[in-house]
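So you can see what is in the structure, the chains are spelled out below.
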Amino acid sequence: MTSTVAEPIVVARGIHKHFGHLHVLKGVDLEVVERELVFVIGPSGSGKSTLLRCLNRLEEPNSGSITVAGIDMLSPRTDINHARQHIGMVFQSFNLYPHMTALGNVTLALRKVVGKSRAEADKLAHAALERVGLADRAGHRPAELSGGQQQRVAIARAIALEPRVMLFDEPTSALDPELVGSVLAVMRSLRESGMTMIVVSHEMGFARAAADRVVFMDNGLIVEQGPPAQIFEQPAHERTRAFIGQIRQH
Amino acid sequence: MEEIVQSFFNAEIARAAMPIVLAGLLNTVLLSLLVVPLGVIGGLILALLAQVKSPAVRWPLMGWVDFFRAFPPLVLLILLFAGLPFAGLELGGFACVAIAFFLNTGAYYGEILRAGIESIPRGQVEAARSTGLSGMQTMTWVVLPQAVRNVLPDLLSNTLEVVKLTSLGSVVAVPELLFQARQAQSVTYNPTPIVMAAVIYFLILWPVVRLLSRLENRALAGRG
Ligand SMILES: Nc1ncnc2c1ncn2[C@@H]1O[C@H](COP(=O)(O)OP(=O)(O)OP(=O)(O)O)[C@@H](O)[C@H]1O
Ligand SMILES: [Mg+2]
């Protein structure tokens, strides 16, 4: 494995997004190569979530281009539901389906989107729940699970579809501090298995240990990016320095 | 006293009128089995259309729902029954009732289902879409099952009203319970058949009313 140039799997160029008069993304370029873990940080309202949501077209960018795993995400000819199978997403508020068991949450897309039989879907879902350490909770409803367990079910729901990229939008922000570790552990094991990941989060310790690259966003633009050590210890921009200093205090 | 029993609770007349009244009950049941699903389907169509945010859909839809909620169902029914023949369309009383209920109760079911759909957090829809489910699949498997459960008391309460309203069919000669009871009354010159109809309505609707209060109490307890 010497110096093979990894293929970019996510290529976003010149992304602009407006909400009415609000110009939220002002020309963002982002490339992520296979097996890379990219961390996105930035002040509240800087457009981190919006950028992530543009990548799987939960938000429609006003201009720019996005390619994920070779699929032109913004082309009207792209079957967006098919394309989204390749892009897993995990949300701050878990967003599990409360009327279904953990197993049901994971099997739904396997059955309805991929077209697996119930037996096949159950098998794949059990495997995914196993990977997040919840094999014994398959029959539980979300209301019967802790926040950390719910978030791990949400991760299982996404990885069961074998996505090429995983997007995480503040996956631990809604969790009690003592539950954060279990979710980060699952993310770390995902990373070790070679999953390409884009993570919006303020978990600096995790970024330092696991991220290949940290991207700092402010006011709808990427201000600077680089290896965690560089961004955290020697940021080039004053705004980055101010932001890092701020979150250190907490 | 004797006189009251003779005219309202006359056993002999009740026995004679029983087959006529029971035939009416059968038709009321059949009519309900027709108009309740029709209303629910009409309502579902309206509630789904309400999710389309385009003004080209939104405004006509709002006009439609408001119009049919404000329009008295009896007037609507008579208009269809007496008016359509002038447009060269001769529909029977049964068909007119079906159409009127589709329009009127559909608008009510539609508002209830819309409220149910809108009670489901947007995040669940986004999560479902992010796994590749289409908008329709998300509606079918994620949103509607929860939405219906959230508004079950309202749906049931509306259904109760709809079943009661089937008695409107009597004005366009649909031989449902009330119509049959009135037939029997006019033959026997005695109001006992009407009392029979009232008792039958009560007997079939009372369990629904009980169920409804239990659901409502449970909803209250769940909220508190
Ligand atoms: N659907 C929307 N409609 C209108 N404005 C929106 C919408 N979504 C986001 N915004 C606005 O866009 C801006 C960027 O929001 P975004 O959620 O991307 O920020 P963020 O960097 O993720 O912030 P946070 O750290 O608070 O999550 C904010 O000003 C927000 O209010
Ligand atoms: Mg955000």
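Bear in mind that the values here come from a model prediction, so they are computed numbers and not experimental data.

Participant: Explain the interface of chain B and chain A here, please?
Facilitator: You'll often see interface size given as the accessible area lost when the parts meet. Contacts between the two partners involve 16 residues from chain B and, on the opposite side, 21 residues from chain A. Regarding the contact of chain B and chain A, the summed buried area is about 1600 Å², with carbon and sulfur atoms giving 59% of it. When the area that chain B buries against chain A is broken down by residue, the three leading residues are Ser130, Thr131 and Trp141 of chain B, summing to 32%. Here Arg53 of chain A ties to Glu126 of chain B by a salt bridge, and the two come within 2.8 Å at their closest N and O atoms. The interface formed by chain B and chain A includes six residue pairs in polar contact (both at pLDDT 80 or more). Looking at the side of chain B that touches chain A, the elements with two or more residues in it are helix 6 (122-130) and helix 7 (135-150) of chain B. In terms of residues, the side of chain B that touches chain A owes the most to one element, helix 6 of chain B, which gives seven residues. Here the residues of the side of chain B that touches chain A are counted per class, giving six nonpolar, eight polar and two charged.

Participant: Just checking my understanding: could you explain the sheet that holds strand 2 (residues 22-33) of chain A for this structure?
Facilitator: Backbone hydrogen bonds are what pair the strands of a sheet, in a parallel or an antiparallel way. All names here are of chain A. Across the sheet, four strands lie side by side as 2-1-4-5; this open sheet has antiparallel pairing. With partners counted over all chains shown, the strands left at the sheet margins are strand 2 and strand 5 (71-72), one partner each. Direction of pairing for strand 1 (residues 8-19) relative to strand 4 (residues 63-68): antiparallel, over a ladder of five bridges. Bridge pairing in strand 4 links Val11 to Thr67. Set on the sheet, helix 1 (residues 48-55) makes contact with strand 1, strand 2 and strand 4; between it and strand 2 the angle comes to about 60°.

Participant: I tried to follow the nonpolar core on my own but got confused; where do I start?
Facilitator: One broad trend across soluble globular proteins is that nonpolar side chains are buried collectively. Of all hydrophobic cores here, the largest spans 58 residues; its most connected members are Leu129, Ile155 and Met166 of chain A. Contact partners of Met166 of chain A, with chain neighbours within four places excluded, come to Gly88, Val90, Ile155, Ala158, Ile159, Leu190, Met195, Thr196, Met197 and Ile198 of chain A. Counting 41 residues, the second-largest nonpolar core is a separate cluster that includes Ala50, Leu113, Leu155 and Leu212 of chain B.

Participant: Please explain the site of ligand 1 as it appears in this structure.
Facilitator: Residues and elements named next belong to chain A. The immediate surroundings of ligand 1 are formed by Phe19, Leu22, Val24, Pro43, Ser44, Gly45, Ser46, Gly47, Lys48, Ser49, Thr50 and Glu170. Interatomic distance of 2.6 Å between a side-chain N/O atom of Ser44 and an oxygen atom of ligand 1. Within the backbone of Gly47, a nitrogen or oxygen atom sits 3.0 Å from an oxygen atom of ligand 1. Contact with the protein chains hides 59% of the accessible area of ligand 1, taken as 630 Å² for the molecule alone. Elements with a contribution of two residues or more to the shell around ligand 1: strand 2 and helix 1. Ranked by residues supplied to the shell around ligand 1, first place goes to helix 1 with three residues. When grouped by side-chain class, the residues that make up the shell around ligand 1 number four nonpolar, six polar and two charged.

Participant: Any chance you could explain the layout of surface pockets here in plain terms?
Facilitator: Think of a ball as big as a water molecule: rolled over the atoms, this probe shows where empty space is left. Residue and element names in this part refer to chain B. The space that makes up the largest pocket amounts to roughly 590 Å³. Taken together, 21 residues form the lining of the largest pocket, with Gln51, Arg122, Val125, Arg129 and Met139 sitting closest to its centre. Of all elements in the fold, only helix 5 (93-118), helix 6 and helix 7 reach the threshold of two or more residues within the lining of the largest pocket. For the lining of the largest pocket, the element with the most residues is helix 7, which contributes five residues. Of the residues belonging to the lining of the largest pocket, the class tally is nine nonpolar, three polar and nine charged.

Participant: Help me understand the sheet that holds strand 8 (residues 196-200) of chain A, please; the structure alone is not making it clear to me.
Facilitator: Residue and element names in this part refer to chain A. Read from one edge to the other, the open sheet built from six strands follows the order 6-7-8-3-9-10, with strand pairing classed as mixed. Looking at the sheet topology across the chains shown, the edges are occupied by strand 6 (87-90) and strand 10 (221-226). Strand-to-strand twist across the sheet, computed as the mean angle between neighbouring axes with direction ignored, equals 20°. In the sheet, strand 6 pairs with strand 7 (residues 165-169) via four bridges, with the strands oriented parallel.

Each value, and the rule that gives it
- Residues numbered from 1 in each chain as written.
- Chains lettered and ligands numbered in written order.
- Predicted model: local features only at pLDDT ≥ 70, side-chain atom pairs only at ≥ 80, totals over all residues.
- Heavy atoms only, no water.
- Contact = heavy atoms within 4.5 Å.
- Buried area = accessible area lost by both parts, 1.4 Å probe.
- Salt bridge = Lys/Arg side-chain N within 4 Å of Asp/Glu carboxyl O.
- Polar contact = N/O pair within 3.5 Å; in protein donor to acceptor, adjacent residues only side chain to side chain.
- Helix = DSSP H or I, 4+ residues; strand = E, 2+ residues; numbered from the N terminus.
- Nonpolar A, V, L, I, M, F, W, Y, C, P; charged D, E, K, R; others polar.
- Pairing = 2+ DSSP bridges.
- Axes fitted to C-alpha atoms, helices over the stretch in contact; angles between N-to-C directions.
- Core = buried A, V, L, I, M, F, W, Y, C linked by side-chain atoms within 4.5 Å.
- Buried < 20%, exposed > 50% of the residue type's maximum accessible area, 1.4 Å probe, protein only.
- Near = heavy atom within 4 Å.
- Areas by Shrake-Rupley, 256 points an atom, 1.4 Å probe, with all protein chains shown as cover.
- 1 Å grid on protein atoms, 1.4 Å probe; cavity = no way out; pocket = protein on both sides within 12 Å on 5 of 7 lines; lining within 4 Å.
- Points joined across faces, edges and corners; volume = space filled by probe spheres on them.

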